[in-house]
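Coordinate analysis (summary)
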Amino acid sequence: MNMLLLQAVKKTKKIKNTALLLSTALLLSTTAISQVQAQELDIKVTNLTQGIYFTPILIAAHDSETQLFKSGEIASAELQMMAEGGDISALSAMLTTADKAENPAMGLLAPATSTSAMLSTMDGNMYLSVVAMMLPTNDGFIGLNRWKIPSEAGTYSFTVNAYDAGTEANDEMITGGGAPGAAGIPAAPGMNAGTGGTGVTMTEDNTYVHIHRGNLGDDDLTAGKSDLDNTVHRWLNPVARITVTVN
Amino acid sequence: MISINKKLALVTLTTLMLSACGGSSSGSNMMPVDMPDPMITYSYQVTVTNLTYAQPMSPIALILHNEGQLWTVGEMASAALENLAESGDNADVLAEAMVLSGQSGTGLLLPGMSEVIDVSYTFTDVNNAPMMFSLATMLVNTNDAFTGINALAINNLAIGESISLTTSSYDSGTEKNSELMATIPGPAGEGSGEGFNAERDDIDKVAMHSGIVSVDDGLMVSALTQAHRFDNPTLAVMVTRTE
């Protein structure tokens, strides 16, 4: 709680500094800043799924070079921590020059609920990325990668798909394993999963970041291959809606 | 996903300018006459295509409205939407208070089939033109899946212009996805499936649908087969303003 307060105070200071910078820049040149202008954003994330929770969400506005993940490439260790255990701290620490909103839902974002964050972007941080682990999955996450923030004021809305980090076998066994490299799913927050699964698969043959193929689940909560319920824990894309208001 | 064709905008503008000129030149000689307000009609032709393999769509409900939404992800389904999503009956949706004008499709829209449905609204005050278009229909071989369009802005659509889009599928959250024969109103329920039931035994919030499981994919009690599986999108829709 104290950490969050501290972050809030820091954020307020950042807004003031940005405003000062912006007004100085305006005096210097009105044409030069049009490409790199600081912006005030309201960002809403909606969990569109019926039975999947999102762990703490990382929202970042960053430069054109930064990417939190790349489809078709091996996940970074930082992305793996987020995708397997919901821990966004290492990914966030990587983003030294980005403007960030961390964990706006103050914990889990339940199915069919929304959370919002305000973000003041600094000059040059013109791309938006959003990630959060999906529970219960082994290493599934929602991913918005490098969305160009429009310079024109307005409300922009789009949907986001589910990715698989490619770092852990989708065994669908709820073991509490959330540490990188530890097998299994950390938890099923809806408390509607089972036990006693023998494991859907023990291998992850595609070790690159890819679109998640979805949970399989089964109809036996005390046995079968999976600990997940096939009528509750599946999904179809898209899994999230992001609404960005550029003020 | 949305494409707008703007070729007639200029023609409309020219027509407006011409009629304005004609009015002003003869205006001084006209006797004051107590004319009734002219009737204005906006008409739309809607082409709906069922993109699924084996999910018939219940009779399509089309509505023109100026406010409200048929559903909101994260909020409870209205009783009217619950009825449509569980039984396929669109009567309550078409009778919602916000509806300026509503139209139903003629019957089930079978997989692979298209239907053209016209909907019009006639009014007198030029400020009352319909601003939004919505559409809803049930995937009948499910517990409570529906698809449609929610409050599409049509206020800038000129005559001859059209908007094309595809739709995703939603779960009304009002009936658990048991897939039991007794709960499926479509053909897969073999006539024994219950439609509407006021009990809400699921999450009671509208969300996106997770797809059906089926007996072929691990739900032994399911009345559905691999053929009833679907993915997004489930409908293709083109809305053209014709008047």
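Parameters at a glance
Residues numbered from 1 in each chain as written. Chains lettered and ligands numbered in written order. Predicted model: local features only at pLDDT ≥ 70, side-chain atom pairs only at ≥ 80, totals over all residues. Heavy atoms only, no water. Helix = DSSP H or I, 4+ residues; strand = E, 2+ residues; numbered from the N terminus. Buried < 20%, exposed > 50% of the residue type's maximum accessible area, 1.4 Å probe, protein only. Contact = heavy atoms within 4.5 Å. Areas by Shrake-Rupley, 256 points an atom, 1.4 Å probe, with all protein chains shown as cover. Pairing = 2+ DSSP bridges. Axes fitted to C-alpha atoms, helices over the stretch in contact; angles between N-to-C directions. Core = buried A, V, L, I, M, F, W, Y, C linked by side-chain atoms within 4.5 Å. Buried area = accessible area lost by both parts, 1.4 Å probe. Polar contact = N/O pair within 3.5 Å; in protein donor to acceptor, adjacent residues only side chain to side chain. 1 Å grid on protein atoms, 1.4 Å probe; cavity = no way out; pocket = protein on both sides within 12 Å on 5 of 7 lines; lining within 4 Å. Points joined across faces, edges and corners; volume = space filled by probe spheres on them. Nonpolar A, V, L, I, M, F, W, Y, C, P; charged D, E, K, R; others polar.

1. Quick notes on the overall build of chain A
Counting its secondary structure elements, chain A contains three helices and ten strands. Counted from the first residue to the last, chain A has its helices and strands arranged as α-β-β-β-α-α-β-β-β-β-β-β-β. Residues counted as buried form 50% of the 247 residues belonging to chain A. A fraction of 75% describes how many contacts in chain A between residues 6 or more apart in sequence connect residues 24 or more apart.

2. Some remarks on the overall build of chain B
Within chain B, the regular secondary structure consists of three helices and eleven strands. Each helix (α) and strand (β) of chain B, taken in turn from the N terminus, gives the series β-α-β-β-α-α-β-β-β-β-β-β-β-β. Here chain B, with 243 residues, has 46% of them falling under the buried criterion. Contacts in chain B between residues at least 24 apart in sequence constitute 78% of all its contacts with a sequence separation of at least 6. Roughly 11,400 Å² of accessible area belongs to chain B as shown, and the carbon and sulfur atoms make up 58% of that amount.

3. Describing the sheet that holds strand β3 (residues 61-65) of chain B
Residue and element names in this part refer to chain B. Strand order in this open sheet of six strands is β4-β3-β6-β7-β9-β10, and the pairing throughout is antiparallel. Where the open sheet ends on each side, the last strands, each with one partner, are β4 (99-104) and β10 (207-208). Of the pairings in the sheet, the one linking strand β6 (residues 132-138) to strand β7 (residues 145-153) comprises six bridges and is antiparallel in character. Residue methionine 138 lies in a different strand from β7, and its bridge partner there is phenylalanine 146. Each of β3, β6 and β7 is contacted by helix α2 (residues 79-87), which is oriented at about 40 degrees to β6, the strand it contacts most.

4. Comments concerning the nonpolar core
Across soluble globular proteins, nonpolar side chains have a tendency to be buried as a group. Formed by 33 residues in total, the largest nonpolar core has its most connected members in B:Phe133 and B:Leu135. Among the secondary structure elements, those contributing two or more residues to this core are β2 (40-50), β3, β5 (114-123), β6, β7, β8 (162-167) and β11 (235-241) of chain B. In contact with B:Phe133, other than residues within four places in its own chain, are B:Val46, B:Leu62, B:Ile63, B:Leu64, B:His65, B:Ile149, B:Asn150, B:Ala151, B:Leu152, B:Ile154 and B:Val239. Counting residues in hydrophobic clusters, the runner-up holds 29 residues, among them A:Leu109, A:Ala132, A:Ile149 and A:Ala240.

5. Thoughts on the interface of chain B and chain A
Contact with chain B, which involves 26 residues of that partner, is made by 18 residues of chain A. Summed over both sides, the interface between chain B and chain A buries roughly 1,600 Å², with carbon and sulfur atoms accounting for 52% of that surface. Considering only the side of chain B, the residues that lose the most area to chain A are B:Met208, B:Ser210 and B:Val213, jointly responsible for 31% of the buried surface there. Remark: the boundary between chain B and chain A carries seven residue pairs in polar contact (both at pLDDT 80 or more).

6. Topic: α2(B)
All names here are of chain B. The buried fraction of α2 is high, at seven of nine residues. Looking only at α2, the buried set comprises Ala80, Leu81, Glu82, Asn83, Leu84, Ala85 and Glu86. If you follow the buried residues of α2, they end up packed against β3, α3 (91-94), β6 and β7. Count one or two residues on from α2 and you reach glycine 88, which has phi positive near 85 degrees.

7. Re helix α2 (residues 77-85) of chain A
Residue and element names in this part refer to chain A. Residues of α2 that are buried include every one of Leu79, Gln80, Met82, Ala83 and Glu84, and no others. The inward-facing, buried residues of α2 abut α3 (89-94), β6 (127-135) and β7 (140-148). Immediately beyond the C-terminal end of α2, within one or two residues, lies glycine 86, with a positive phi of roughly 75 degrees.

8. Notes on the side chain of B:Glu82
Residues and elements named next belong to chain B. Within the secondary structure layout, glutamate 82 lies in helix α2. Given the relative accessible area of 3%, glutamate 82 is considered buried. Engagement of the side chain of glutamate 82 in a polar contact is seen with the side chain of arginine 200, the distance being 2.8 Å. Dropping the residues within four chain positions of it, glutamate 82 is found in contact with Ala77, Thr174, Phe196, Asn197, Ala198, Glu199 and Arg200.

9. Things to note about empty space enclosed by the protein
Inspection of the entire model under this criterion finds two cavities of 30 Å³ or more. Roughly 40 Å³ of volume is contained in the second largest cavity. Along the walls of the second largest cavity sit A:Leu48, A:Thr49, A:Gln50, A:Arg234, A:Trp235, A:Leu236, B:Met208, B:His209 and B:Ser210, which together make up its complete lining.

10. Section: the layout of surface pockets
Roughly 1,100 Å³ of volume is contained in the largest pocket. In this structure, the largest pocket is lined by 32 residues; those nearest its centre are A:Ser157, A:Thr159, A:Arg241, B:Asn150 and B:Tyr170. Elements with a minimum of two residues in the lining of the largest pocket: β1 (39-47), β8 (154-164) and β10 (240-246) of chain A together with β7 and β8 of chain B. With six residues, β7(B) is the largest single contributor of residues to the lining of the largest pocket. Across the lining of the largest pocket, the residue classes tally to 16 nonpolar, 14 polar and two charged.

11. Quick word on the side chain of B:Asn143
Residue and element names in this part refer to chain B. Within the element layout of this structure, asparagine 143 appears in the loop between β6 and β7. A relative accessible area of 2% places asparagine 143 in the buried class. One polar contact links the side chain of asparagine 143 to the main-chain amide nitrogen of glutamate 179, over a distance of 3.0 Å. For asparagine 143, the side chain forms a polar contact with the side chain of threonine 183, separated by 2.7 Å. Among residues more than four places away in sequence, those in contact with asparagine 143 are Ala85, Glu86, Met138, Glu175, Lys176, Asn177, Ser178, Glu179, Thr183 and Ile184.

12. Considerations on the pairing of β7(B)
Both faces of the sheet carry side chains from a regular strand, because those side chains alternate between them. Residues and elements named next belong to chain B. Along β7, seven of the nine residues are buried, which leaves the element largely enclosed by surrounding structure. Between β6 and β7, which follow one another and run antiparallel, lie six residues. In the sheet, β7 pairs with strand β9 (residues 169-171) via three bridges, with the strands oriented antiparallel. The residue of β9 that forms the bridge with phenylalanine 146 is tyrosine 170.

13. What about the environment of B:Ala153?
All names here are of chain B. With respect to the helices and strands, alanine 153 occurs in strand β7. Taking relative accessible area as the criterion, alanine 153 reaches 51% and is therefore assigned exposed. Remark: the alpha-carbon pair of alanine 153 and methionine 131, spanning 22 residues in sequence, is separated by 5.9 Å.

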